[in-house]
Amino acid sequence: MENVSVIDHPIIHRYLTYLRDKSTNTALFRRAMSNIGIILAYHALNDFPLSEIEIETPIQKTTGYKPATEVVVIPILRAGLSLVDGIVNFMPEAKVGHVGVYRNEETHQPVNYYDNLPEGIEDAYNIVVDPMLATGGSGSHAIKFLKENGATNIKFVCLIAAPEGIERLRKDHPDVPVITAAIDERLNENAYIVPGLGDAGDRYFGTL
Ligand code: PRP
Ligand code: URA
């Protein structure tokens with residue numbers, strides 16, 4: 001599918017199994033999310049721009065590399081926070097913006113309750129993170145908000161996507177690459193991903 005990457009890796013399969021398993025406790029759930037977050041971040045950063053710098057090894061001068069642009073990670077609160085560390089692991093200087101959105105339980109429409117973006121997103125390499133892409137309402141809202149604030153270079157990283165969410169992002173934001181660990185079967189009548197992993201935020205924060 002155009003601009004959609006499904007990362008197929010044995011470690012992802014193993015840890016996604018922990019995340020899907022309803023008997024997994026909060027501690028293991030957090031560790032599994034964090035480990036998958038690192039792998040997703042590694043793939044999401046595969047075209048990250050670098051510029052050359054001259055450095056000196058103990059032996060002689062040589063060419064090294066440094067970021068050519070700033071990285072901004074934007075978690076969609078709450079559950080998106082679970083994938084921030086993966087990117088910060090590789091890009092310790094990354095700035096973190098926040099978009100607070102929850103889904104109305106009846107309409108399934110996104111409700112915005114908080115925004116805080118750092119300066120400079122216009123020229124930055126922006127990565128929106130949220131483990132679940134269900135209807136795509138929250139993701140589409142967050143990306144639109146970034147674009148309204150001048151961002152042009154945006155990626156969307158999630159853990160599990162529903163076909164409906166992928167379709168929504170492809171329609172609303174065809175320019176934004178989607179990186180995911182899995183595309184599941186469908187949404188159920190409550191707009192939860194099937195088979196999915198349940199409520200990502202509640203399981204990650206232990207608020208079930
Ligand atoms: C979850 C998830 C996404 C959203 C996905 O958040 O983390 O943000 O639902 O659904 P959508 O694609 O249909 O919009 P939730 O509303 O449960 O809030 P939380 O992260 O605070 O738990
Ligand atoms: N939000 C979740 O946390 N899980 C789903 O399956 C859908 C939306």
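Our structure's up above, just so we're on the same page.
Keep in mind the model is a prediction, meaning the values are calculated, not measured.

Let us look at the overall build of the protein. If you tally the helices and strands in the protein, you get six helices and 15 strands. In terms of C-alpha radius of gyration, the protein reaches 17 Å, essentially the compact-globule figure of 17 Å for 208 residues. Its C-alpha atoms give the protein principal-axis dimensions of roughly 65 × 35 × 30 Å. Restricting to contacts in the protein with at least 6 residues of sequence separation, those with at least 24 account for 64%. Considering the protein, the positive charge centre built from 18 side chains and the negative charge centre built from 27 side chains are found 5 Å apart.

This part covers the site of ligand 1. Contacts to ligand 1 come from 16 residues, most closely from R103, D130, T135, G136 and S138. Within the backbone of A79, one N or O atom sits 3.0 Å away from an oxygen atom of ligand 1. R103 is positioned such that a nitrogen or oxygen atom in its side chain is 2.8 Å from an oxygen atom of ligand 1. For ligand 1, whose free accessible area comes to 500 Å², the fraction covered by protein is 90%.

It is worth spelling out the site of ligand 2 at this point. Surrounding ligand 2, one finds R103, M132, A134, A191, Y192, I193, G198, D199 and A200. For ligand 2, an oxygen atom lies 2.8 Å from a polar atom in the backbone of I193. Measuring from an oxygen atom of ligand 2, one finds a backbone N or O atom of A200 at 2.8 Å. Relative to its unbound accessible area of 240 Å², ligand 2 is 89% covered by the protein chains. The residue inventory of the shell around ligand 2, partitioned by class, reads six nonpolar, one polar and two charged.

What follows covers helix α4 (residues 137–148). The end-to-end C-alpha distance of α4, which contains twelve residues, comes to 16 Å, matching closely the 16 Å that a straight helix rising 1.5 Å per residue would cover. Residues G137, S138, G139, S140, A142, I143, F145 and L146 constitute the buried set of α4. The elements touched by buried residues of α4 are β4 (71–77), β6 (98–103), β7 (110–116), β8 (125–129), β10 (154–157) and α5 (163–172).

To continue, consider the nonpolar core. Counting 40 residues, the largest nonpolar core has L19, L40 and L159 as its most contacted members. Where this core is concerned, the elements lending two or more residues are α1 (10–20), α2 (26–44), β4, α3 (84–90), β8 and α6 (200–205). The biggest single contributor to this core is α2, with eight residues. Membership of the second largest hydrophobic core comes to 23 residues, among which are A124, F145, A161 and V178.

Note that β4 and β6 share two bridges and pair parallel. Bridge pairing in β6 places I76 opposite V99. In the sheet, β6 pairs with β7 via six bridges, with the strands oriented antiparallel. Across the sheet, residue R103 finds its bridge partner in β7, namely P110. Taken together, β6 and the strand that follows it, β7, pair antiparallel across an intervening segment of six residues, in which H108 is found at a positive phi of about 65 degrees.

Once that is clear, we can look at the packing of aromatic side chains. Inspection of every chain in the model, using the stated rule, returns five aromatic pairs. For the ring pair Y102 and Y113, a centre distance of 5.9 Å and an interplane angle of 35 degrees mean the geometry is tilted. Of this pair, Y102 sits in strand β6 while Y113 sits in strand β7; the two residues are eleven residues apart in sequence, bridging distant segments of the chain. Above the face of the Y18 ring, R14 is positioned so that its terminal group lies 4.2 Å from the ring centre. When the ring centre of Y192 is taken as reference, the NZ or CZ atom of R103 above it lies at 5.4 Å.

Moving on, we come to the sheet that holds strand β11 (residues 160–161). Strand order in the open sheet formed by three strands is β9-β11-β13, and the pairing between neighbours is parallel. In the strand order of this sheet, the two ends are held by β9 (132–133) and β13 (182–183), each with one partner.

Conventions used here
Residues numbered from 1 in each chain as written. Chains lettered and ligands numbered in written order. Predicted model: local features only at pLDDT ≥ 70, side-chain atom pairs only at ≥ 80, totals over all residues. Heavy atoms only, no water. Helix = DSSP H or I, 4+ residues; strand = E, 2+ residues; numbered from the N terminus. Rg over C-alpha atoms; globule rule 2.2 N^0.38 Å. Contact = heavy atoms within 4.5 Å. Lys, Arg positive; Asp, Glu negative; His and termini not counted. Charge placed at Lys NZ, Arg CZ, Asp CG, Glu CD. Near = heavy atom within 4 Å. Polar contact = N/O pair within 3.5 Å; in protein donor to acceptor, adjacent residues only side chain to side chain. Areas by Shrake-Rupley, 256 points an atom, 1.4 Å probe, with all protein chains shown as cover. Nonpolar A, V, L, I, M, F, W, Y, C, P; charged D, E, K, R; others polar. Expected span 1.5 Å × (residues − 1). Buried < 20%, exposed > 50% of the residue type's maximum accessible area, 1.4 Å probe, protein only. Core = buried A, V, L, I, M, F, W, Y, C linked by side-chain atoms within 4.5 Å. Pairing = 2+ DSSP bridges. Phe/Tyr/Trp six-rings, centres within 6.5 Å; stacked < 30°, edge-to-face > 60°. Lys NZ or Arg CZ within 6 Å of the ring centre and 35° of its normal.

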